[in-house]
Amino acid sequence: MVSLSTVRAHNALLKSLGSGLVAVFVGGTSGIGLYTAREFVRYTISPTVYLVGRNETQARQVIQELSLVNPSGKFQFIQTDASLLSGVDSACEVIQQKENRINLLFLSCGIFTLKGRDETSEGLDKKFSLHYYARMRFINNLIPQLTQANSNKGSTSALSRVITVLGAGHETKIDMNDLDLKHKYSLDSCDVHATTMSSLMVEEFASRYPSTTFIHTYPGIVKSGISREAGPIVGRLVRAVMFLGRPWMVAEQESGERHLGDSRVHAAVSRRGAYLVKWDGSEVGDRRFLDEYHASGVGRKVWEHTEEMLQTVLKRR
């Protein structure tokens with residue numbers, strides 16, 4: 001476990017990078033994305049923050065709050081449906097028109113649902129898209145700006161991080177003959193595929209873009225708005241479970257501090273470019289399953305599949 005004092009010490013060093021750090025929070029108007037955005041704004045000098053989501057009313061409230069935390073910061077909400085890759089692309093275009101570098105890309109968009117496969121107009125399951133494909137599209141689109149952020153060591157350009165929040169440490173076997181779950185979809189298989197493929201992909205990205213650090217985290221039990229689309233009955237059930245689980249929950253501020261710290265602590269002690277991190281900041285220890293997958297070429301196959309799926313959706317427009 002990485003102590004909270006260690007996390008805070010590393011976060012405090014963000015000010016040494018100077019003013020003007022740029023961060024993009026996809027899913028930053030609620031839950032873990034919001035908690036981390038708060039801490040990013042608290043620990044930096046005159047940051048620029050983009051919040052990507054759907055709820056404009058909620059975003060306005062968040063921006064008012066962040067402006068009080070750091071009055072010299074610049075904040076913008078980009079309204080889009082991130083479950084659609086076209087929505088991802090439109091959001092990225094807005095950012096790219098204004099920024100030539102991005103220091104932190106934080107991905108926590110997602111939903112809790114008991115529905116079966118729920119295809120979007122692009123032919124992807126909505127949950128699978130939010131938890132995996134859309135996130136990979138954000139990374140792929142914004143990699144030029146992320147790479148540029150680390151081109152000038154010793155300035156605000158010396159931070160280049162991608163953090164995707166999902167299920168690091170819970171990887172297991174995936175169906176290589178049905179990676180997009182078009183034929184054998186279930187909620188469990190969706191979680192398994194999104195989690196395992198995310199872990200494989202952060203390492204594939206790191207091998208191709210060594211100037212950027214890629215992190216997949218498991219957040220533990222944290223209060224969030226992920227059940228907002230689950231319906232009134234399931235939503236109440238989720239909230240009841242959260243209430244009963246309060247003794248084991250990670251506090252909002254601690255969750256934000258630790259996720260922000262993930263972008264600093266591990267890169268400070270190692271030169272590796274990819275990390276799988278548990279809720280307490282420690283790295284996932286048992287990597288035998290993933291190492292076997294990498295050794296047998298599964299990581300490369302998942303990379304190729306993801307590229308193919310993103311291209312297929314683009315061709316359908």
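If you check an unreviewed UniProt entry, the protein chain appears there as Short-chain dehydrogenase/reductase from Aspergillus caelatus.

**Some details on the packing of helix 5 (residues 126–148) against helix 6 (residues 187–208)**
Look at helix 5 against helix 6: their axes get within 8 Å of each other, and the N-to-C directions meet at 15 degrees. Of the possible angle classes, the one that applies to helix 5 and helix 6 is roughly parallel. Here helix 5 runs over helix 6; the crossing is left-handed. Mapping the contact onto sequence places Lys127, Phe128, His131, Tyr132, Tyr133, Met136, Ile139 and Asn140 in helix 5 and Leu187, Cys190, Asp191, His193, Ala194, Met197, Ser198, Met201 and Phe205 in helix 6. The residue inventory of the contact of helix 5 with helix 6, partitioned by class, reads 11 nonpolar, four polar and two charged.

**A few points about the sheet that holds strand 5 (residues 161–165)**
The strand order 3-2-1-4-5-6-7 describes an open sheet built from seven strands, whose pairing is parallel. Each having just a single partner strand, strand 3 (74–79) and strand 7 (274–277) make up the two edges of the open sheet. Neighbour-to-neighbour, the strand axes of the sheet open up by a mean angle of 15 degrees, direction not taken into account. Of the pairings in the sheet, the one linking strand 5 to strand 6 (residues 213–217) comprises five bridges and is parallel in character. Residue Val162 lies in a different strand from strand 6, and its bridge partner there is Phe214. Packing of helix 6 onto the sheet brings it into contact with strand 5, strand 6 and strand 7, and relative to strand 6 it is tilted by some 165 degrees.

**So, the UniProt feature "transmembrane region" (unreviewed entry) in the protein chain**
With numbering aligned to this structure, UniProt lists the feature "transmembrane region" (unreviewed entry) at residues 12–35. Counting secondary structure, residues 12–35 comes out at 25% helix and 21% strand; the distance between its end C-alpha atoms is 16 Å.

**Points about the pairing of strand 1 (residues 22–26)**
Along any regular strand the residues' side chains alternate between the sheet's two faces. Within strand 1, five of the five residues are buried, which leaves it mostly tucked inside the rest of the structure. Along strand 1, one buried face is formed by Val22, Val24 and Val26 and the opposite face, lined by Ala23 and Phe25, is buried too. With five bridges connecting them, strand 1 and strand 2 (residues 48–53) associate as parallel partners. Looking across to strand 2, one finds that Val22 is bridged to Thr48. For the handedness criterion, the β-α-β arrangement of strand 1, helix 2 (residues 31–43) and strand 2 is classed as right-handed.

**Observations regarding the environment of Ser151**
In this fold, Ser151 is placed in the loop between helix 5 and strand 5. The sequence separation of Ser151 and Ser211 amounts to 60 residues, and the corresponding C-alpha distance is 8.0 Å.

**Section: the side chain of His305**
By secondary structure assignment, the location of His305 is in helix 11 (residues 298–315). The class of His305 is buried, set by a relative accessible area of 12%. Those residues in contact with His305 that sit more than four places away from it in its chain are Tyr133, Leu179, Asp180 and Met197.

**Things to note about the nonpolar core**
Core analysis: the biggest nonpolar cluster contains 57 residues, and Val26, Leu105, Tyr132 and Phe138 have the highest contact counts within it. If you tally residues by element for this core, the top one is helix 5, at 11 residues. Not counting the four nearest positions on each side in its chain, Phe138 is found in contact with Val26, Val52, Ala82, Val88, Ala91, Cys92, Leu105 and Leu107. Listed in part, the 31 residues of the second largest apolar core include Ile32, Phe106, Tyr275 and Val277.

**Notes on the environment of Asp291**
In this structure, Asp291 sits in helix 10 (residues 288–295). On the basis of relative accessibility, which here comes to 39%, the residue Asp291 falls in the partly exposed class. Each C-alpha atom, one on Asp291 and one on Leu200, is 9.5 Å from the other, the two residues being 91 residues apart in sequence.

Conventions and cut-offs
- Starting afresh in each chain, residues are numbered from 1 along the sequence in its written order.
- Restriction of local features to residues with pLDDT of at least 70 applies here, the model being predicted, together with a cutoff of 80 or more for giving and counting side-chain atom pairs; totals for whole chains, interfaces and linings are based on all residues.
- Calculation of side-chain values draws on the structure's entire complement of heavy atoms; hydrogens and water are dropped beforehand.
- Note on geometry: axes are C-alpha line fits, over the in-contact stretch for helices, and angles between N-to-C directions span 0 to 180 degrees.
- Working definition: helices are DSSP H or I runs of at least four residues, strands are E runs of at least two. Numbering for both runs from the N terminus.
- Angles are sorted into four bins: roughly parallel if under 35 degrees, roughly antiparallel if over 145, roughly perpendicular if 65 to 115, and oblique for all others.
- Crossing handedness is read from the near helix: turned anticlockwise from the far helix by less than a right angle, it gives a left-handed crossing, and turned clockwise, a right-handed one.
- The contact definition used throughout considers only heavy atoms, calling two residues in contact when any of these lie within 4.5 Å.
- Residue classes follow a fixed rule: Ala, Val, Leu, Ile, Met, Phe, Trp, Tyr, Cys and Pro count as nonpolar, while Asp, Glu, Lys and Arg count as charged, and any other residue, Gly among them, counts as polar.
- Being paired, for any two strands, means DSSP has found at least two bridges between them.
- UniProt positions are given in the numbering used here, feature names are shortened, and annotations may be inferred rather than shown by experiment.
- A simple rule labels every residue: compare its accessible area, found with a 1.4 Å probe on the protein chains alone, to the largest value its type can have, and call it buried under 20%, exposed over 50%, or partly exposed in between.
- Here is how to tell: hold the view so the strands point away, follow the path from the first strand over the helix to the second, and if it runs clockwise the crossover is right-handed.
- Buried Ala, Val, Leu, Ile, Met, Phe, Trp, Tyr and Cys residues that are joined via side-chain atoms within 4.5 Å together make up what is termed a nonpolar core.

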